[in-house]
Amino acid sequence: MNRIGVFVCHCGTNIAATVDVHRVAETLGKEPSVVIAKDYQYMCSEAGQNMIKDAIREYGLTGLVVCSCSPRMHEATFRKAAASAGLNPYLVEIANIREQDSWIHKDIEEATEKAVILGRTAIAKVQLNTPLTAGESPVTKRALVIGGGIAGIQTALDIAEAGFEVDIVEKQPTIGGKMAQIDKTFPTLDCAACILTPKMVDCAQNDKITIYSYSEVAAVSGFVGNFSVKIKRKARFVDETKCTGCGLCTEKCPQKKVPNEFNLGLDNRRAIYIPFAQAVPKVATIDPDYCNMLKNGKCGVCAKVCGAQAIDYKAQDTYVEQQYGAIVVATGFNPINIDAYDEYAYSQSQNVVTSLELERLMNAAGPNGGTLLRPSDKKHPKTIVFVQCVGSRCDDSRGKGYCSKICCMYTAKHAMLIREKYPDTNVYVFYIDVRTPGKNFDEFYRRAVEQYNVHYVKGQVGKVVPKSDGNLIVYGSDLIEGKRLVIDADMVVLAAAIEPDKSARSIATMLTASMDTNDFFTEAHPKLRPVESPTAGIFLSGVCQGPKDIPETVAQATACAGKVIGLLVKDKLTCNPCVAHSDELMCNGCSSCEKVCPYGAITYEEKGFRQPDRTTKMRRVAIVNEAVCQGCGACTVACPSGAMDLKGFANKQIMAEVDAICL
Amino acid sequence: MSVNNEFRPKIVAFCCNWCSYAGADLAGTNRLQYPADVKIIRVPCSCRVNPMFILRAFQRGADGVILCGCHPGDCHYTSGNYFARRRMTLLFSMLDYLGIEKERTRVEWVSAAEGAKFAATMNDFVDTVTKLGPNRRLEDLRCKN
């Protein structure tokens with residue numbers, strides 16, 4: 001005979017304001033097999049939990065129903081309370097009467113009635129719950145970081161600091177990411193390279209960190225604590241162990257017309273190249289799309305000049321298989337393609353550039369050696385117009401609905417730097433709003449306006465028309481003055497929205513990590529678990545989770561490392577006990593379940609069964625590997641004989657819930 | 001067609017734990033209203049929903065059943081929602097053949113971020129089923145109190 005206890009939470013007034021909690025407890029108390037039903041102001045508080053623990057001991061409860069907030073919130077709390085009073089934690093069910101009842105209904109009568117039905121449903125289910133014991137699995141004490149930008153670098157350094165092995169997989173030939181391309185950083189104006197490159201070197205020199213540059217994640221299997229990852233090391237045609245990074249080959253290579261992606265195509269590099277002087281690893285890479293030797297077998301100059309004999313034209317992609325306990329996603333971002341914004345003439349004029357291109361144009365290591373010259377005729381620009389929110393906060397399909405967060409600040413930085421270096425330049429900034437929430441951010445912006453006399457214009461640019469002399473006519477509106485502005489500009493700089501890197505979606509699919517509609521990775525809880533993915537063992541670092549600036553990225557990267565370390569220090573992890581189980585007496589070994597299992601958790605075994613005539617007959621039956629099963633339940637539906645069932649969400653339990661709702 | 005204003009449908013909603021149940025929670029957090037006729041059953045994945053559960057609901061007198069899962073490609077278990085989609089396509093056409101109108105059954109993809117979509121979907125579904133009126137097909141009066 002079941003002895004169920006029902007506890008109804010008021011959640012202050014969150015539930016009690018729209019649900020008559022006393023009536024719910026009273027009504028549910030009359031249900032058969034319910035031996036105690038109580039309501040209390042805060043069930044999750046210590047007093048509330050003690051009330052539950054006392055009832056378990058006093059009434060010898062065999063099942064517990066808590067009518068409260070979502071199980072996603074406090075299921076773990078009540079399971080823990082039950083366990084400490086000696087009740088198996090999986091004999092607890094939650095009826096969600098807050099998020100799915102009191103918060104969405106206004107009518108007390110209706111909401112109370114629904115709460116009673118939800119309570120009954122939970123009672124019906126809990127009677128069929130069985131005690132479950134969570135198994136344990138070992139933890140591989142090694143972490144993988146996907147992406148070698150500042151987020152990945154910081155996370156890797158922090159994990160390595162705690163004494164764990166870390167591998168960084170970076171698809172570019174060098175780590176460094178977007179920060180390496182940036183000239184100065186707001187609001188302090190330190191040079192990005194000066195603060196980033198020492199960290200890159202730290203990574204290379206740390207014996208706990210292995211950098212797989214020019215590599216990609218090809219396949220991921222396994223689960224938290226036990227991921228198995230296949231890393232594709234793209235052929236760079238240069239032996240990393242022999243190359244000294246002297247750069248002689250990159251000077252002698254006759255193929256000079258390759259757009260330099262590090263400078264965003266503003267200048268050219270050779271077919272064999274080192275992305276930039278401080279690259280880590282400082283190793284040359286041959287671009288197979290442009291190398292004459294690889295394309296038609298005629299050249300071989302680099303092999304001739306290389307003293308270290310590092311060139312290998314016959315190199316092939318190789319694969320590395322490695323085990324990890326945790327995986328960090330730090331895939332970062334890219335500016336969006338703004339070709340669709342015809343009105344700004346980006347594709348028509350070289351003198352319309354994106355902000356990231358401007359970073360390169362102003363950088364001492366950039367194509368102009370740090371002198372700001374406009375791309376079309378290398379003249380010093382006298383009037384520069386900045387356009388904010390190009391593709392950010394956009395309500396049509398060309399752009400993104402969100403705020404890219406960093407553009408207001410980097411534009412203030414650009415404007416300030418230009419006015420500082422070239423005081424004769426006129427700088428206009430067209431903005432919708434200026435958003436400066438951050439330490440010393442507003443002070444910084446005000447300095448740009450007040451000290452550097454940057455003309456901030458609230459309004460939008462309607463059209464940019466290129467003239468034959470390379471100048472641009474900017475038609476805009478000033479909303480505060482209420483007038484039209486026509487500016488003859490030498491350059492226009494567009495603050496393009498940022499979006500997650502294109503590789504993020506395929507990585508999310510491999511990791512079964514969830515993403516939002518903009519392809520940013522979703523965190524486990526937007527406030528309380530901001531650096532973890534809902535998928536156990538996957539952690540989020542940097543802009544892959546949402547737009548953020550460098551200080552925020554570093555803060556998140558370190559937080560993420562903290563979570564990873566917290567996982568890796570454990571020797572064993574408890575597994576989810578709600579896994580599939582096959583009743584071998586009913587199983588006929590048809591293989592239907594194996595075919596739908598995404599984890600390969602089901603195998604088959606020949607087993608002897610005693611027959612009525614006392615002989616033993618061998619039969620093929622399914623066996624579920626409980627450490628590998630993740631408990632999706634696909635097999636339970638595929639099974640034609642009904643042998644396969646899911647613990648915690650058994651057929652009978654869900655049927656009972658359906659019955660309770662429909663009664 | 002006459003619409004009975006008194007009629008309140010019984011709606012069973014199966015929601016996967018990772019996306020749609022979280023989406024329903026988000027609808028709650030954002031205080032987005034939808035009728036109390038919808039009762040949610042939490043399942044680990046949309047592929048856990050056995051067609052038997054849906055038949056059982058209609059047998060017990062449900063007026064509509066909706067299954068919500070992660071968007072295609074976003075399944076926490078990689079492929080579960082694809083299984084659900086195939087199974088439900090078959091089941092719903094069979095139910096239609098048996099006289100349970102296609103409008104009484106629905107599969108909808110709702111992510112954990114789509115609280116507004118969850119509420120809008122439920123409002124629309126309840127509205128549709130209310131207009132259709134009570135379901136009598138498959139209902140087993142012996143199961144009734």
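Quantities reported herein were computed from a predicted structural model and do not represent experimental measurements. Each chain carries its own residue numbering, running from 1 in the direction its sequence is written. Chains carry letters from A onward and ligands carry numbers from 1 onward, assigned in written order. Owing to the predicted nature of the model, reporting of local features is limited to residues with pLDDT of at least 70; listing and counting of side-chain atom pairs is limited to 80 or more, with chain, interface and lining totals taken over all residues.

**Student:** Looking at this model, I keep getting lost on the overall build of chain A. Mind explaining?
**Tutor:** Along its length, chain A carries 18 helices and 34 strands. Its C-alpha atoms give chain A principal-axis dimensions of about 90 × 70 × 40 Å. Contact between residues is assigned whenever the C-beta positions, reconstructed from backbone atoms, fall within 7 Å. For chain A, restricting intrachain contacts to residue pairs at least 6 apart in sequence, the fraction spanning at least 24 positions comes to 70%. Put simply, DSSP H or I for four residues or longer makes a helix, DSSP E for two residues or longer makes a strand, and each gets a number counted from the N terminus.

**Student:** How should I be thinking about the overall build of chain B in this particular structure?
**Tutor:** The secondary structure content of chain B amounts to four helices and four strands. Mapped from its N terminus to its C terminus, chain B presents α and β elements in the order β-α-β-α-β-α-β-α. Over its C-alpha atoms chain B spans a radius of gyration of 15 Å, differing by no more than 12% from the 15 Å that the globule rule assigns to 145 residues. With the principal axes as the frame, chain B shows a C-alpha extent of 40 × 30 × 30 Å. This radius of gyration counts C-alpha atoms alone. The globule rule is 2.2 Å times how many residues there are, raised to the power 0.38.

**Student:** Looking at this model, I keep getting lost on the sheet that holds strand β7 (residues 165–169) of chain A. Mind explaining?
**Tutor:** Residues and elements named next belong to chain A. Any two strands with at least two DSSP-identified bridges between them are counted as paired. The strand order across the open sheet formed by five strands is β10-β7-β6-β18-β29, and the pairing between neighbours is parallel. The open sheet is flanked by β10 (209–212) and β29 (538–540), the only strands paired with a single partner. Each neighbouring strand pair of the sheet contributes to a mean axis angle of 20°, computed without reference to strand direction. The angle between two axes is taken between their N-to-C directions and runs from 0 to 180 degrees, where each axis is a line fitted to C-alpha atoms and a helix contributes only its stretch in contact. Helix α6 (residues 150–161) contacts β6 (142–146), β7, β10 and β18 (326–329) of the sheet and is inclined by roughly 165° relative to β7.

**Student:** Honestly, the packing of helix α5 (residues 108–126) of chain A against helix α18 (residues 651–662) of chain A in this entry has me stumped. Any pointers?
**Tutor:** Axis angle and axis distance: for two packed helices, these are the angle between their axes and the distance between the axes, and together they describe the pair. All names here are of chain A. Where α5 contacts α18, the axes come no closer than 8 Å and their chain directions differ by 150°. With respect to α18, the axis of α5 lies roughly antiparallel. The crossing of α5 and α18 is right-handed. Between α5 and α18, the residues in contact are Ile-117, Arg-120, Thr-121, Ala-124 and Lys-125 and Gln-653, Ala-656, Glu-657, Asp-659, Ala-660 and Ile-661, respectively. Within the contact of α5 with α18, the residues separate by chemical class into five nonpolar, two polar and four charged. Each angle receives one of four descriptions, namely roughly parallel if under 35 degrees, roughly antiparallel if over 145, roughly perpendicular if within 65 to 115, and oblique otherwise. Crossings are sorted by hand: turned counterclockwise from the far helix by less than a right angle, the near helix makes the crossing left-handed, and turned clockwise it makes it right-handed. Three categories are distinguished: nonpolar for Ala, Val, Leu, Ile, Met, Phe, Trp, Tyr, Cys and Pro, charged for Asp, Glu, Lys and Arg, and polar for the others, with Gly belonging to the last.

**Student:** Which parts of the structure should I look at to understand the environment of Glu165(A)?
**Tutor:** The topology assignment puts Glu165(A) in strand β7. It is 6.4 Å that separates the C-alpha atoms of Glu165(A) and Ala143(A), two residues lying 22 residues apart in sequence.

**Student:** How should unusual backbone geometry be read in this particular structure?
**Tutor:** A negative phi angle is the norm for most residues apart from glycine, just as the trans form is the norm for most peptide bonds. All names here are of chain A. The amide bond that connects Phe-186 to the next residue, Pro-187, takes the cis arrangement and shows omega of -5°. Along the chain, the position of Pro-187 falls in the loop between β8 (184–185) and β9 (190–191). With an omega of 0°, the peptide bond running from Val-280 to Pro-281 counts as cis. Looking at the element boundaries, Pro-281 is found in the loop between β15 (272–273) and β16 (285–286). Of note, Tyr-214 is a non-glycine position whose phi angle comes to about 55°, a positive value. Relative to the helices and strands, Tyr-214 resides in the loop between β10 and β11 (215–223). For Arg-614, which is not glycine, the phi torsion reads 70° and is therefore positive. Note that Arg-614 resides in the loop between β32 (602–610) and β33 (616–624). Burial is judged by counting other C-beta atoms within 10 Å of a residue's own C-beta: 20 or more means buried, 12 or fewer means exposed, and anything between counts as partly exposed, with every C-beta placed from the backbone. With 6 C-beta atoms packed within 10 Å, Arg-614 lands in the exposed category.

**Student:** What should I look at first to understand the nonpolar core in this one?
**Tutor:** Side chains of nonpolar character tend, in soluble globular proteins, to be buried together. Buried Ala, Val, Leu, Ile, Met, Phe, Trp, Tyr and Cys residues whose C-beta atoms connect them within 7 Å together make up a nonpolar core. Ala143(A), Val328(A), Val329(A), Val492(A) and Leu494(A) are the most contacted members of the largest nonpolar core, which totals 133 residues. Counting residues per element, this core draws most heavily on helix α12 (residues 407–421) of chain A, at nine residues. Apart from the residues within four sequence positions on either side, Val329(A) is in contact with Ile146(A), Ile507(A), Ala513(A), Phe521(A), Ile538(A), Leu540(A), Ser541(A) and Cys544(A). Within the second largest apolar cluster, 121 residues are counted, among which are Ile15(A), Val34(A), Leu87(A) and Tyr21(B).

**Student:** Would you mind going over the environment of Pro466(A) with me for this structure?
**Tutor:** Residues and elements named next belong to chain A. Position of Pro-466 among the secondary structure elements: in strand β24 (residues 461–466). Assessed through the 17 C-beta atoms surrounding it within 10 Å, Pro-466 is described here as partly exposed. Each C-alpha atom, one on Pro-466 and one on Asp-488, is 9.9 Å from the other, the two residues being 22 residues apart in sequence. When sequence neighbours within four positions are dropped, the list of residues in contact with Pro-466 reads Ala-345, Gln-348, Ser-349 and Leu-472.

**Student:** Please explain the pairing of strand β1 (residues 4–9) of chain A as it appears in this structure.
**Tutor:** Each regular strand carries side chains that alternate between the two faces of the sheet. All names here are of chain A. With six of six residues buried, β1 is to be regarded as a mostly interior element. Side chains Ile-4, Val-6 and Val-8 of β1 all project onto a buried face; the interleaved residues Gly-5, Phe-7 and Cys-9 project onto the opposite face, where all are buried too. The pairing of β1 with strand β3 (residues 63–68) spans five bridges and is parallel. Each bridged residue has a counterpart across the sheet, and for Val-8 the counterpart in β3 is Cys-67. Both β1 and strand β2 (residues 34–40) contribute to a ladder of six bridges, which runs parallel. Of the residues in β2, the one forming a bridge with Cys-9 is Tyr-40. A right-handed crossover is one whose linking path, passing over the helix from the first strand to the second, runs clockwise when the strands point away from the viewer. Each parallel crossover has a hand, and the one from β1 via helix α1 (residues 21–29) to β2 is right-handed.

**Student:** Any chance you could explain the sheet that holds strand β12 (residues 226–233) of chain A here in plain terms?
**Tutor:** Neighbouring strands of a sheet are bound in pairs by backbone hydrogen bonds; such pairs are parallel or else antiparallel. Residues and elements named next belong to chain A. Read across the open sheet, the three strands follow the order β11-β12-β17; overall the sheet is antiparallel. Whereas interior strands pair on both sides, the edge strands pair on one side only; in this sheet they are β11 and β17 (318–324). Shown here is a sheet whose adjacent strand axes are inclined to one another by a mean of 20°, direction ignored. Here eight bridges tie β11 to β12, and the two strands are oriented antiparallel to one another.

**Student:** Any chance you could explain the packing of α1(A) against α5(A) here in plain terms?
**Tutor:** Residues and elements named next belong to chain A. Relative orientation of the contacting elements α1 and α5 amounts to 40°, with a least axis distance of 9 Å. When the interaxial angle is binned, α1 and α5 end up oblique. For α1 against α5, the interelement crossing comes out right-handed. Where α1 approaches α5, its residues Arg-23, Val-24, Thr-27 and Leu-28 are matched on the opposing element by Thr-112, Ala-115, Val-116, Gly-119, Arg-120 and Ile-123. When grouped by side-chain class, the residues that make up the contact of α1 with α5 number five nonpolar, three polar and two charged.

**Student:** I would appreciate a short explanation of the environment of Val139(A) in the present structure.
**Tutor:** Residue and element names in this part refer to chain A. If you trace the backbone, Val-139 turns up in the loop between β5 (136–138) and β6. Exposure remark for Val-139: the 20 C-beta atoms within 10 Å place this residue in the buried category. Separated by 114 residues in sequence, Val-139 and Ala-25 place their C-alpha atoms 44 Å apart. If near-sequence neighbours (up to four positions away) are discounted, Val-139 is found in contact with Gly-225, Gly-325, Leu-567, Leu-568, Lys-570, Asp-571, Lys-572 and Leu-573.

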